[in-house]
Amino acid sequence: MKNFILNGYCENREKKQLHYLLCRNNNQVSFYILILQLKPSLSHLSKGEQNSNSFKLSENYILSYSNLNFFCKGISLDCHLNYTLILSPKNEKVELSQEWWLEWFHKLNESLTDSCNTMVKGILSESVSDMNLLPKAYEDTLQMAYQTLFIASGYLIFYETVKEYHKKYFVYPAEKEMWMSRALTAGDRVKTNKLIYEIVMSASEYSYDALIMTIFRLASALITIINELQKCNFLPNDVSERILSTYRVGRFYGIDEVVNTFQEAADNIVTILENKKHRQHNNLLETVHEYIQKNYYQYECCVETIADIVGMSPAYLGRLYKRYMLINISEEIYETRLRHSKEMLLDKKYTIAEIGQKNGFSSNSYFCKVFKKKFGITPQEYRNKNRLIKEP
């Protein structure tokens, strides 16, 4: 049956099984493809034994339970505890609404928990009335199966629901990524982990491409930080490898595993930074950061002014700040000014020139130049774009 689904044909024995389904239903059949993922169990066994034993036991029970309502054929597709069923209702008079399927799936999991100490989650295809359309239905449903990452064990999602996600336009939360990087280099575990979770989950109701892009962008941001720290001999080389493992989304059972991988890497970074930093440096960095946040709008807010306040040379202070915060003081000042400028651009009561002036830029032309270099568009274009988004 696996060959039938993937390649559009099947061997004689499997053709007979499908023919049996057709005959039993007087050729008036509807097929459903149910792609399941089994939750690993039997934790006292080794991983290989756990997968093998748990899978075989659960597979037999799923087939047995499914046969109560369906003529069914099960297919083991890979070693990642994924399992696919082709189901054809025994009673065509029963309306298989989404509510019916959810109730059936809930009872399946109750029985699996009692008998096998495991659960399944899955995605159900649309109804297929022609056996020849099964290969395409399988491919379509498989493309949407990534969405099971976002649901817990015991839950079922429908192809029609996930298909709607592909129609939505996804905007990556770049602002949150920036704040995550800042929180991480500042050693704020709670804020870093919270932002990592929010960034990953922002793709929960969008296409698979949105999920992959989100993971790639977040991993790239963390690896950039790691590379900077490795230049200072702060971090071991294998940290990047753990981050890169998140690209292999298919190996995860749930999205929480993806989030945990990022959060564990971030925790390791914070722990190492805490061991490297001295309290004196922490106090100094906090003083510099707080001064920038309070005085960014003043023209005299610059490296020289801050260095004079803390009693250091601008060159030494700049190297120290860059080493621990992974950003130049001047960059920190301009990032802060640009962030506040973006917020003010959403308010029509300020002109572009006024916004630049109120955020510490020496001239309107310089403000526009810096803004475009950072965001790729002018302040006026940013204002127009966001006005269009907000207006119905």
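Now for a look at the structure at hand. (Residues numbered from 1 in each chain as written. Predicted model: local features only at pLDDT ≥ 70, side-chain atom pairs only at ≥ 80, totals over all residues. Heavy atoms only, no water.)

A few points about the packing of aromatic side chains
Centre-to-centre distance and the angle between the planes together describe a pair of aromatic rings.
Here is step 1 of the chain: Throughout the structure, instances matching the rule amount to 17 aromatic pairs.
Here is step 2 of the chain: For the ring pair Trp101 and Trp104, a centre distance of 5.7 Å and an interplane angle of 85° mean the geometry is edge-to-face. Note that Trp101 and Trp104 are positioned in helix H4 (residues 98-116) at a spacing of three residues, about one turn of the helix.
Here is step 3 of the chain: Taking relative accessible area as the criterion, Trp101 reaches 2% and is therefore assigned buried.
Here is step 4 of the chain: Taking the centre distance of 6.1 Å and the plane angle of 35° together, the rings of Tyr334 and Phe361 count as tilted. Of this pair, Tyr334 sits in helix H15 (residues 329-345) while Phe361 sits in the loop between helix H16 (352-358) and helix H17 (364-375); the two residues are 27 residues apart in sequence, bridging distant segments of the chain.
Here is step 5 of the chain: Given the relative accessible area of 1%, Phe361 is considered buried.
Here is step 6 of the chain: Here the aromatic residues Tyr334, Phe361, Tyr366, Phe367, Phe371, Phe375 and Tyr382 are joined through ring pairs into a cluster of three or more. (Phe/Tyr/Trp six-rings, centres within 6.5 Å; stacked < 30°, edge-to-face > 60°. Helix = DSSP H or I, 4+ residues; strand = E, 2+ residues; numbered from the N terminus. Buried < 20%, exposed > 50% of the residue type's maximum accessible area, 1.4 Å probe, protein only.)

Concerning the layout of surface pockets
Here is step 1 of the chain: Considering only enclosed or pocket space, the largest pocket measures out at about 1,100 Å³ in volume.
Here is step 2 of the chain: It is helix H7 (residues 174-185) that contributes the most residues to the lining of the largest pocket, eight residues altogether.
Here is step 3 of the chain: Taken together, the residues of the lining of the largest pocket sort by class into 18 nonpolar, four polar and 14 charged.
Here is step 4 of the chain: Around the second largest pocket, the lining comprises 18 residues; the ones closest to its centre are Arg182, Ala186, Gly187, Glu286 and Met325.
Here is step 5 of the chain: Breaking the lining of the second largest pocket down by element, the ones donating at least two residues are H7, helix H11 (255-276) and helix H12 (279-295).
Here is step 6 of the chain: Residue contributions to the lining of the second largest pocket peak at five residues, all from H12.
Here is step 7 of the chain: Residues belonging to the lining of the second largest pocket are distributed by class as follows: seven nonpolar, three polar and eight charged. (1 Å grid on protein atoms, 1.4 Å probe; cavity = no way out; pocket = protein on both sides within 12 Å on 5 of 7 lines; lining within 4 Å. Points joined across faces, edges and corners; volume = space filled by probe spheres on them. Nonpolar A, V, L, I, M, F, W, Y, C, P; charged D, E, K, R; others polar.)

Some words on the side chain of Arg182
Here is step 1 of the chain: Assignment of secondary structure puts Arg182 in helix H7.
Here is step 2 of the chain: On the accessibility criterion, Arg182 (13% relative accessible area) is buried.
Here is step 3 of the chain: Setting aside its immediate chain neighbours within four residues, Arg182 contacts Ile327, Glu332, Glu335 and Arg339. (Contact = heavy atoms within 4.5 Å.)

Comments concerning the pairing of strand E4 (residues 120-124)
Here is step 1 of the chain: With five of five residues buried, E4 lies mostly within the body of the structure.
Here is step 2 of the chain: In E4, alternate side chains face the same way, and those of Val120, Gly122 and Leu124 on one face and Lys121 and Ile123 on the other are all buried.
Here is step 3 of the chain: Sheet topology note: the strand E1 (residues 32-38)/E4 ladder contains five bridges and is antiparallel. Paired with Leu34 across the two strands is Leu124, which belongs to E4.
Here is step 4 of the chain: Relative to strand E5 (residues 156-158), E4 runs parallel, the two sharing three bridges. For Leu124, the partnering residue across the bridge sits in E5 and is Phe158. (Pairing = 2+ DSSP bridges.)

Some remarks on the packing of H7 against helix H8 (residues 189-201)
Here is step 1 of the chain: Interhelical geometry of H7 versus H8 gives an angle of 155° and a closest axis separation of 8 Å. It follows that H7 is roughly antiparallel to H8 by the angle criterion. Our pair here, H7 against H8, has a crossing hand that is left-handed. Contacts from Lys176, Glu177, Trp179, Met180, Ala183 and Leu184 in H7 reach Lys191, Thr192, Leu195, Ile196, Glu198 and Ile199 in H8.
Here is step 2 of the chain: Its residues assigned to classes, the contact of H7 with H8 comprises seven nonpolar, one polar and four charged. (Axes fitted to C-alpha atoms, helices over the stretch in contact; angles between N-to-C directions. Parallel < 35°, antiparallel > 145°, perpendicular 65-115°, else oblique. Left-handed = near helix turned anticlockwise from the far one by under 90°.)

Focus on the nonpolar core
Here is step 1 of the chain: Formed by 51 residues in total, the largest nonpolar core has its most connected members in Met180, Leu211, Leu218 and Phe262.
Here is step 2 of the chain: Broken down by secondary-structure element, the contributors of at least two residues to this core are E1, helix H5 (134-144), helix H6 (159-165), H7, H8, helix H9 (208-231) and H11.
Here is step 3 of the chain: At ten residues, the largest contribution of residues to this core is made by H9.
Here is step 4 of the chain: Ranked by size, the runner-up nonpolar core spans 22 residues in total, among them Cys72, Leu96, Leu108 and Cys116. (Core = buried A, V, L, I, M, F, W, Y, C linked by side-chain atoms within 4.5 Å.)

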